[in-house]
Amino acid sequence: CFFYSLDFMEKRKIILSFSRDFNQWINQFVREQHVFNFPRVWGVGLSDQITHFDGRTFEWWRYQDEMESIKDFMTQQPLSAAVFSQERVNNFLQLVSKLKNLSAQNPRSIKNPFVHLEKLEFLFNALYPWYPLSIFIPGAWRETLLKIHGVKTKKIIARFSMSRKKSEGLPNLVGDHLRRWLGHYLEKIGQPGDYVKFLSVEETRNLVSRGVLPSVRTLRARARGYVYFQGEIYPTANVKKFFRDHHLIAEIAKISGIKELKGTVAQRSKHLITGHVQIILGTAEVAGFKRGSILVTSMTVPTFLPAIKTAKAIVTDEGGILCHAAIVARE
């Protein structure tokens with residue numbers, strides 16, 4: 001008989017990919033894409049995606065070694081590969097257009113809720129295996145592609161930059177549609193409609209088909225914070241302890257004592273910008289944004305436009321010269 005201590009389990013390093021005001025529905029679909037569909041479509045994938053909700057926004061954590069493997073695999077593809085073709089971009093943009101149109105539908109005009117949900121699921125599943133091409137090729141993989149393939153890559157980067165611009169903020173758009181559409185089910189029982197963002201794919205289907213919701217106690221616990229790990233939801237407010245208990249090594253930034261932050265300027269002003277800072281992490285907070293403030297967020301999305309239009313400046317945690325905030329600033 002052998003006994004193994006958990007202390008001897010392999011510890012794995014995870015990295016924070018980004019933070020967004022997503023839904024659990026989105027988190028679950030994206031995880032399933034990375035774990036099951038990516039290996040079938042690309043030949044590589046992830047063993048898991050860890051999502052942490054901290055009470056305001058969702059953080060996506062991934063295993064560092066696996067993200068590096070996907071990057072190496074994709075950037076070393078020959079430029080003639082089908083994944084880099086204009087045809088692939090065209091097919092992707094057709095799906096983007098269909099999903100945008102479906103998400104823009106007035107909730108009151110939805111005659112068959114379950115069929116509508118099935119269409120959302122089908123389009124998201126068809127689209128997402130190719131979504132990282134539009135995100136990473138003109139963004140995080142840009143310099144690597146140029147280094148490996150040279151100037152010939154510039155046409156491909158330009159092709160996917162346009163694709164990125166047209167699909168920017170799509171997961172948020174779908175998530176906001178679900179909240180507008182399904183929030184009334186929660187409001188009927190006296191709970192915030194925003195709790196829709198904590199429902200799993202299966203729970204969303206149950207809500208639409210049978211009007212069944214998890215208990216109010218369950219939803220309230222998730223609202224305080226949870227971790228989505230290996231396909232399960234673990235309500236917890238202490239993510240550091242959760243990571244330690246599951247042998248995950250995460251680099252969590254310490255910001256105490258820092259008096260100055262430095263970054264890349266996407267659109268330079270001729271003047272020094274000063275003003276009141278307002279942190280916006282989700283669409284629900286946009287209405288409270290004060291005109292002339294400096295908008296601070298993880299990354300802007302199209303639903304932030306009412307705040308962006310009245311902001312004196314934008315500061316984000318993430319992104320480069322082709323991110324949504326940079327594009328809007330230049331426009």
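Here's what I pulled together on the structure shown here. On a predicted model such as this, the values are computed, not experimentally measured, just so you know.

1. A look at the overall build of the protein
Regarding its fold elements, the protein presents 13 helices and nine strands. In terms of C-alpha radius of gyration, the protein reaches 21 Å, essentially the compact-globule figure of 20 Å for 331 residues. Structurally, the protein occupies a C-alpha span of about 65 × 55 × 50 Å along its principal axes. Across the 331 residues that make up the protein, the buried fraction comes to 46%. Here the contacts in the protein between residues at least 6 apart in sequence split such that 64% fall between residues at least 24 apart. In the structure as shown, the protein presents an accessible area of about 18,000 Å², 53% of it carried by carbon and sulfur atoms. Measuring between centres, the 47 positive side-chain charges of the protein sit 7 Å from its 29 negative side-chain charges.

2. Remarks on the packing of helix α8 (residues 170-188) against helix α9 (residues 201-210)
Their axes nearest at 11 Å, the elements α8 and α9 cross at an angle of 70 degrees. For the element pair α8 / α9, the angle class is roughly perpendicular. Residues Trp181, Leu182 and Tyr185 of α8 form the contact with α9, whose participating residues are Thr204, Leu207 and Val208. Residues of the contact of α8 with α9, tallied by class, amount to five nonpolar, one polar and no charged.

3. Description of the nonpolar core
Among the nonpolar cores identified, the biggest contains 59 residues, and Trp25, Trp42, Phe84 and Ile137 are the most heavily contacted of them. Broken down by element, the residue count for this core peaks at seven residues, all from helix α3 (residues 86-103). Excluding residues within four positions of it along the chain, Trp42 makes contact with Ile70, Phe73, Met74, Pro129, Trp130, Pro132, Leu133 and Trp141.

Parameters and conventions
Residues numbered from 1 in each chain as written. Predicted model: local features only at pLDDT ≥ 70, side-chain atom pairs only at ≥ 80, totals over all residues. Heavy atoms only, no water. Helix = DSSP H or I, 4+ residues; strand = E, 2+ residues; numbered from the N terminus. Rg over C-alpha atoms; globule rule 2.2 N^0.38 Å. Buried < 20%, exposed > 50% of the residue type's maximum accessible area, 1.4 Å probe, protein only. Contact = heavy atoms within 4.5 Å. Areas by Shrake-Rupley, 256 points an atom, 1.4 Å probe, with all protein chains shown as cover. Lys, Arg positive; Asp, Glu negative; His and termini not counted. Charge placed at Lys NZ, Arg CZ, Asp CG, Glu CD. Axes fitted to C-alpha atoms, helices over the stretch in contact; angles between N-to-C directions. Parallel < 35°, antiparallel > 145°, perpendicular 65-115°, else oblique. Nonpolar A, V, L, I, M, F, W, Y, C, P; charged D, E, K, R; others polar. Core = buried A, V, L, I, M, F, W, Y, C linked by side-chain atoms within 4.5 Å.

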